[in-house]
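The chain contents come next:
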Amino acid sequence: MPMRILIAVLRTIRNSPRLAIGLAILLVMVLVAVFSPLIVKGIGGSTDPLELAAYERWLVPGPDHLLGTDQFGRDVLAMVVSALSVSLQIGAIAGVISTVVGVIVAFVAGYKGGWIDGILSTFTGILLVIPTFPLLIALSAYAKNVSLFQVGVMISIFSWPFAAKTIRAQVLSLRSRPYVDLARVSKARDLEIITTELLPNLLPFIGVGFASSALGAIFGLVGLEVIGLGPGGVIDLGQIIFNAINTGALTLGAWPMFVVPIVLLTLLFAALNMVNIGLEEVYNPRLRGVAGE
Amino acid sequence: MKSELELRNVQQRFHARGVAAGYITAVDDVSFTLAAQPPQVVSLVGQSGSGKSTIARNVLGLQKPTSGSVLYGGKDIFKLSRAEYDAYRRDVQPVFQDPYAIFNPFYRVDRVLWKAVNKFGLTKSRSKGLALIEESLRAVRLEPENVLGRYPHQLSGGQRQRIMLARVHMLRPSFIIADEPVSMLDAQVRKHFLDILLDFQREHGMTTLFITHDLSTVYYLGGEVMVITKGEIVERGPVSTVMHEPSHPYTKLLLDSIPQPDPDRRWTNRITVDELEDQERADAKAAPAPEAPIL
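All of these numbers come straight from a predicted model, not from anything done at the bench.

The next subject is the interface of chain A and chain B. Many analyses report the size of an interface as the accessible area lost when the parts associate. Each partner contributes to the interface: chain A provides 17 residues, whereas chain B provides 27 residues. Roughly 2100 Å² of surface becomes buried between chain A and chain B when both sides are summed, with 53% attributable to carbon and sulfur atoms. Looking at the side of chain A facing chain B, the largest losses of area belong to Leu182(A), Val185(A) and Lys187(A), adding up to 31% of the total buried there. Taken together, the links from chain A to chain B amount to five salt bridges. The shortest N-O distance in the salt bridge between Glu192(A) and Lys115(B) comes to 3.4 Å. Joining chain A to chain B, the criterion identifies 14 residue pairs in polar contact (both at pLDDT 80 or more). Those elements that place two or more of their residues in the side of chain A that touches chain B are helix H8 (178–185) and helix H9 (190–226) of chain A. No other element matches H8(A), which puts six residues into the side of chain A that touches chain B.

Residue and element names in this part refer to chain B. Pairing in this open sheet of six strands is mixed, and the strands run E6-E7-E8-E3-E9-E10 from one edge to the other. Two strands lie at the open edges of the sheet, namely strand E6 (92–95) and strand E10 (232–238), each paired on one side alone. Taken over all neighbouring pairs, the strand axes of this sheet differ in orientation by 20 degrees on average, direction set aside. In terms of strand pairing, strand E3 (residues 41–45) meets strand E9 (residues 224–229) through four bridges, oriented parallel. Counterpart to Ser-43 in the pairing with E9 is Val-225. Its contacts with the sheet place helix H1 (residues 52–59) against E3, E6, strand E7 (175–179), strand E8 (207–212) and E9, and it is angled at close to 150 degrees to E7. Against the sheet, helix H2 (residues 82–91) touches E6 and E7, its axis set at about 35 degrees to E6.

Feature annotation in UniProt assigns "domain: ABC transmembrane type-1" (unreviewed entry) to the following positions: residues 84–276 of chain A. Within the segment residues 84–276 of chain A, helix and strand shares are 83% and 0% respectively, and the terminal C-alpha atoms sit 21 Å apart.

This part takes up the pairing of E8(B). For a regular strand, side-chain orientation follows a simple rule: the groups alternate between the two sheet faces. Residues and elements named next belong to chain B. When you tally the buried positions in E8, you get six out of six residues, the bulk of the element. Bridging between E7 and E8 involves five bridges; their strand directions are parallel. From the neighbouring strand, Ala-178 faces E8, where its bridge partner is Phe-210. As for the winding sense of the linkage, the β-α-β connection from E7 through helix H7 (residues 187–204) to E8 is right-handed.

It is worth spelling out the nonpolar core at this point. Counting 69 residues, the largest nonpolar core has Phe32(B), Ile55(B), Val92(B), Ile163(B) and Leu209(B) as the members making the most contacts within it. Non-local contacts of Ile163(B), meaning those with residues more than four positions away in its chain, are made with Phe103(B), Val109(B), Leu113(B), Leu137(B), Leu142(B), Val147(B) and Leu155(B).

Going through the model one piece at a time under the given rule, you end up with three cavities of 30 Å³ or more. Along the walls of the largest cavity sit 15 residues, with Leu182(A), Glu197(A), Arg111(B), Val112(B) and Lys115(B) positioned nearest its centre. Among the elements of the structure, H8 of chain A together with helix H3 (110–119) of chain B are those that each provide at least two residues to the lining of the largest cavity. Residue composition of the lining of the largest cavity, grouped by class: eight nonpolar, two polar and five charged. The calculated volume of the second largest cavity comes to roughly 70 Å³. Val105(A), Ala106(A), Ala109(A), Leu120(A), Ser121(A), Thr124(A), Ala164(A), Lys165(A) and Arg168(A) together form the lining of the second largest cavity. Broken down by secondary-structure element, the contributors of at least two residues to the lining of the second largest cavity are helix H4 (76–112), helix H5 (114–129) and helix H7 (148–175) of chain A.

This next bit is on the confidence of the model for chain B. Confidence in the prediction for chain B averages 85 pLDDT; 89% of positions are at 70 or higher. Residue range residues 282–287 of chain B is modelled with pLDDT below 50. Its contacts to residues more than four positions away, or to other chains, number five contacts.

Our focus in this paragraph is the pattern of salt bridges. Taken as a whole and judged by the stated rule, the model has 18 salt bridges over all chains. The salt bridge partner of Lys119(B) is Glu192(A), with a shortest N-O separation of 2.6 Å. With Lys119(B) in helix H3 and Glu192(A) in helix H9, this residue pair bridges two chains. Given a relative accessible area of 22%, Glu192(A) falls into the partly exposed group.

Residues and elements named next belong to chain A. Together, Leu-27, Val-30, Leu-31, Val-34, Phe-35 and Leu-38 give the surface a local cluster of nonpolar side chains, amounting to about 570 Å² of exposed area. Among the elements that make up the nonpolar patch, the one with the highest residue count is helix H2 (residues 17–34) (four residues). We classify Leu-27 as exposed; its relative accessible area is 55%.

A few words now on the packing of aromatic side chains. This model, assessed by the stated rule, comprises five aromatic pairs over all chains. Consider the rings of Phe219(A) and Phe269(A), whose centres lie 5.6 Å apart with planes at 75 degrees: the pair is edge-to-face. Linking Phe219(A) in helix H9 with Phe269(A) in helix H11 (residues 256–283), this pair joins segments that are 50 residues apart in sequence. Judged by its relative accessible area of 40%, Phe269(A) is partly exposed. Put simply, the rings of Tyr72(B), Tyr85(B) and Tyr88(B) touch in pairs and so form one group of aromatic residues. When the ring centre of Tyr107(B) is taken as reference, the NZ or CZ atom of Arg111(B) above it lies at 3.7 Å. Against the face of Trp114(B) rests Arg126(B), its NZ or CZ located 4.3 Å from the ring centre.

Residues and elements named next belong to chain A. Annotation from UniProt places "transmembrane region" (unreviewed entry) at residues 20–40, 76–107, 119–142, 148–167, 202–224 and 258–279. For residues 119–142, the end-to-end C-alpha separation is 30 Å, with 92% helix and 0% strand making up the annotated structure. Counted over residues 202–224, helix gives 100% and strand 0%. Its end C-alpha atoms are 33 Å apart.

Residue and element names in this part refer to chain B. Running from amino to carboxyl end, helix H4 (residues 126–139) crosses helix H6 (residues 157–171) at an angle of 120 degrees, the nearest separation of the two axes being 8 Å. As far as their axial angle goes, H6 and H4 are oblique. When the axes of H4 and H6 are compared, the crossing they make is right-handed. Contacts from Leu-132, Ile-133, Glu-135, Ser-136, Leu-137 and Ala-139 of H4 reach H6 at Ile-163, Ala-166, His-169 and Met-170.

Rules of the game
- Residues numbered from 1 in each chain as written.
- Chains lettered and ligands numbered in written order.
- Predicted model: local features only at pLDDT ≥ 70, side-chain atom pairs only at ≥ 80, totals over all residues.
- Heavy atoms only, no water.
- Contact = heavy atoms within 4.5 Å.
- Buried area = accessible area lost by both parts, 1.4 Å probe.
- Salt bridge = Lys/Arg side-chain N within 4 Å of Asp/Glu carboxyl O.
- Polar contact = N/O pair within 3.5 Å; in protein donor to acceptor, adjacent residues only side chain to side chain.
- Helix = DSSP H or I, 4+ residues; strand = E, 2+ residues; numbered from the N terminus.
- Pairing = 2+ DSSP bridges.
- Axes fitted to C-alpha atoms, helices over the stretch in contact; angles between N-to-C directions.
- UniProt positions renumbered as here; feature names shortened; annotations may be inferred.
- Buried < 20%, exposed > 50% of the residue type's maximum accessible area, 1.4 Å probe, protein only.
- Right-handed = clockwise from strand over helix to strand, strands pointing away.
- Core = buried A, V, L, I, M, F, W, Y, C linked by side-chain atoms within 4.5 Å.
- 1 Å grid on protein atoms, 1.4 Å probe; cavity = no way out; pocket = protein on both sides within 12 Å on 5 of 7 lines; lining within 4 Å.
- Points joined across faces, edges and corners; volume = space filled by probe spheres on them.
- Nonpolar A, V, L, I, M, F, W, Y, C, P; charged D, E, K, R; others polar.
- pLDDT = per-residue confidence, 0-100.
- Patch = residues over 30% accessible without salt bridge, like charges linked within 9 Å, V, L, I, M, F, W, Y side chains within 5 Å.
- Areas by Shrake-Rupley, 256 points an atom, 1.4 Å probe, with all protein chains shown as cover.
- Phe/Tyr/Trp six-rings, centres within 6.5 Å; stacked < 30°, edge-to-face > 60°.
- Lys NZ or Arg CZ within 6 Å of the ring centre and 35° of its normal.
- Parallel < 35°, antiparallel > 145°, perpendicular 65-115°, else oblique.
- Left-handed = near helix turned anticlockwise from the far one by under 90°.

Below, the structure written as structure tokens:
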């Protein structure tokens, strides 16, 4: 069974170059993020490159410091590496929370139908039209010293409805399939039908839901950081951009502080979107380049 | 003891927009009894939208009727105890119309058969289970090595529909609810399928409720027939009687609609259900019912 899934995944990837490239970029980024403590250590050697005044301030990029140093004398490369890890973490936290909540709400609403669906769909709809970002600004300005996890939760509160809405529509169409009826006359219970008959067929949609929530969260946090309202104690890509703008880093020749985080974010955005589009191409026959297979 | 399956004054309404009453009546005051002994084939004939599939869903417990009751062994199927429910599920099994949609595309076809083995506790041992599956596949004239381990899209419609029959063969229910099982099969496979159903009746004593719009298959199967239109059963009796001396105008219309393999007897005038409805408008009361529930 695991072998089969692996083979199926590999075949899917081979058939879609977009998906393959997107996944490859993501994989590299995740690896960098996972090994970021080691990489940071490797850059700094005996000194911690993220310590204030670890080096001289505003060093231009050179062999010792590939991306230079910032206004406090920290190594920008090390900062970028650990910031990438923070950005991916917030994406993962918010992605997981909103996917799980979205999937549960979608399945309950879509499968149960009736008044339960009515209430859940109305609630989902209400959350959908709330302008998220201004509210997020208000929330983080109000809550002093929010942690990364709290920001993740705040962002997920507003991003699960998107996942819920698309998945619910799919559940509605799948639940009246004859194979669901067959499972019911084979004494399968609701939960069993949902997990074994419906869920596997919805994996691509759940994947898309996860990717877009994660992306939303990463950029939500960047947005907060750029206006200086991010969580304390952590540096993410947005905060580096904020520092660069604030200190006029570009005029001091410290262009990597501004350019590198933006390039990384653009790459991340492109990669997640390529995965999204690739998954849709694979699972939506109408978008396939060539008919048949 | 073999049980009876009885529909008592079953009525099924579905909410619908744009209809004056706010709902449409798919099944209207339908009562009939299927006896397990002696095993027989009872056909339920009607055009699309006459409510016949809804009746199948009621009988299978997939749709709770708006009023009236479906009784198994004298008890309402929606109020059974755990043990009675298990007996009912085992004893009343379906064959559905669409051999493509009946399989979850995510799994191999074996799963449907293994589910039957495991869910109904046919056997605990894997080797005995496999033996049962192979025996049942052979009973529906499928070679196990040709179908096991395959995905649904790798099999033909006839093969898939016969796997459903193999499932029924394993479970040996007293009642098969066959909802348009041959409408998507070609002529040769259709005969094959009907013969297997008749075999089941003879050899394993299964009673079939055969739901169809096609009178020629009803002819072929024989037994009893009920004619349904607009949710109401308008005529019932032995196939030979109903076919040769139809008493209801709708049955006559159905009989006239069988294509004759004879160019001299080609239809010359068009008969439509609408015309018939015009004649009947005086006493018509129910709105045309949809085949599938509108949710």
